[in-house]
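Geometric and topological summary
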Amino acid sequence: MTGTAAMQGPRGVNAGRWMVAWGLLDLAYFAHYVVDSIGRGMTPLLGDLAAARDTAAVHGNAVPMWLAAASLLVYVSLPVSGVLLLQRRPAGAWLAAVQALPRLLLAVPTGAILLWPGGWATKLPGGAAVAIAIAVLLAAELFKLATLFLPRFRRGP
């Protein structure tokens with residue numbers, strides 16, 4: 001295959017530069033999560049489960065555990081999607097699509113982490129900071145899906 005056909009996987013998945021960019025961002029965010037967890041004295045993934053267990057015990061329900069488990073599934077899938085996207089495999093794009101809703105619901109950013117240097121958003125009034133964070137998170141996920149699946153972003157011949 002050559003040209004556009006070689007760049008496109010099954011069912012219209014883009015396999016161009018965007019896949020590599022999103023793969024790098026997934027890997028970068030996972031690395032950020034691991035380093036941040038260690039910096040806070042927690043074991044990545046397991047520390048989140050322990051904190052959720054403690055919260056569940058205080059409140060007397062299992063909701064924190066369910067949320068932590070869902071969050072961990074997303075975090076564990078980040079290096080997988082990152083590597084698959086770097087390899088320009090259609091499975092990486094499909095995994096990114098499956099991750100989109102949980103990432104939005106659990107506030108696991110794609111590239112939004114790059115927009116928070118120095119914590120400038122924390123200096124905004126509470127409502128504005130939350131609104132901007134949600135807007136950036138939603139925009140990043142929609143843009144990611146668009147660049148992976150819409151023909152407009154495919155490289156020309």
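Just above sits the structure.
Residues numbered from 1 in each chain as written. Predicted model: local features only at pLDDT ≥ 70, side-chain atom pairs only at ≥ 80, totals over all residues. Heavy atoms only, no water.

1. A few points about the environment of leucine 84
Among the secondary structure elements, leucine 84 is positioned in helix α4 (residues 63–86). Separated by eleven residues in sequence, leucine 84 and leucine 95 place their C-alpha atoms 8.8 Å apart. Not counting chain neighbours up to four residues away, the residues in contact with leucine 84 comprise Arg89, Ala91, Gly92 and Leu95. (Helix = DSSP H or I, 4+ residues; strand = E, 2+ residues; numbered from the N terminus. Contact = heavy atoms within 4.5 Å.)

2. A look at the nonpolar core
Judged by nonpolar contacts, Met19, Trp22, Leu25, Leu85, Ala93, Ala96, Leu148 and Phe149 together constitute the single largest core of eight residues. When residues in this core are grouped by element, the largest group, three residues, is from helix α2 (residues 17–39). Within the second largest apolar cluster, seven residues are counted, among which are Tyr33, Leu72, Val74 and Tyr75. (Core = buried A, V, L, I, M, F, W, Y, C linked by side-chain atoms within 4.5 Å. Buried < 20%, exposed > 50% of the residue type's maximum accessible area, 1.4 Å probe, protein only.)

3. What to know about the packing of aromatic side chains
Enumeration according to the criterion identifies seven aromatic pairs in this entry. Pairing tryptophan 18 with phenylalanine 143 gives two aromatic rings, centres 5.0 Å apart and planes at 85 degrees, and the pair type is edge-to-face. On the criterion of sequence distance, the pair formed by tryptophan 18 in helix α2 and phenylalanine 143 in helix α6 (residues 126–149) is long-range, its members being 125 residues apart. When its relative accessible area of 31% is taken as the criterion, tryptophan 18 is described as partly exposed. Phenylalanine 143 gets classed as partly exposed once you look at its relative accessible area, which sits at 35%. Relative to tyrosine 75, the ring of tyrosine 29 has its centre 6.2 Å away and its plane inclined at 15 degrees; by these criteria the two rings are stacked. Placement of tyrosine 29 in helix α2 and of tyrosine 75 in helix α4 is noted, with a sequence separation of 46 residues between them. Residue classification places tyrosine 29 among the buried residues on the basis of a relative accessible area of 8%. (Phe/Tyr/Trp six-rings, centres within 6.5 Å; stacked < 30°, edge-to-face > 60°.)

4. Overview of the pattern of salt bridges
According to the stated counting rule, one finds five salt bridges in the structure shown. Put simply, aspartate 26 and arginine 103 hold a salt bridge, and the shortest N to O gap is 3.1 Å. Of this pair, aspartate 26 sits in helix α2 while arginine 103 is found in helix α5 (residues 90–106), placing the two residues 77 residues apart along the sequence. The same class applies to aspartate 26 and to arginine 103, which are both buried. Linking aspartate 36 and arginine 40 is a salt bridge whose minimum nitrogen-to-oxygen distance equals 3.1 Å. Residues joined in a network through salt bridges with shared partners are Asp26, Arg103, Glu141 and Lys144. (Salt bridge = Lys/Arg side-chain N within 4 Å of Asp/Glu carboxyl O.)

Just geometry here; none of it tells us what the structure is for.
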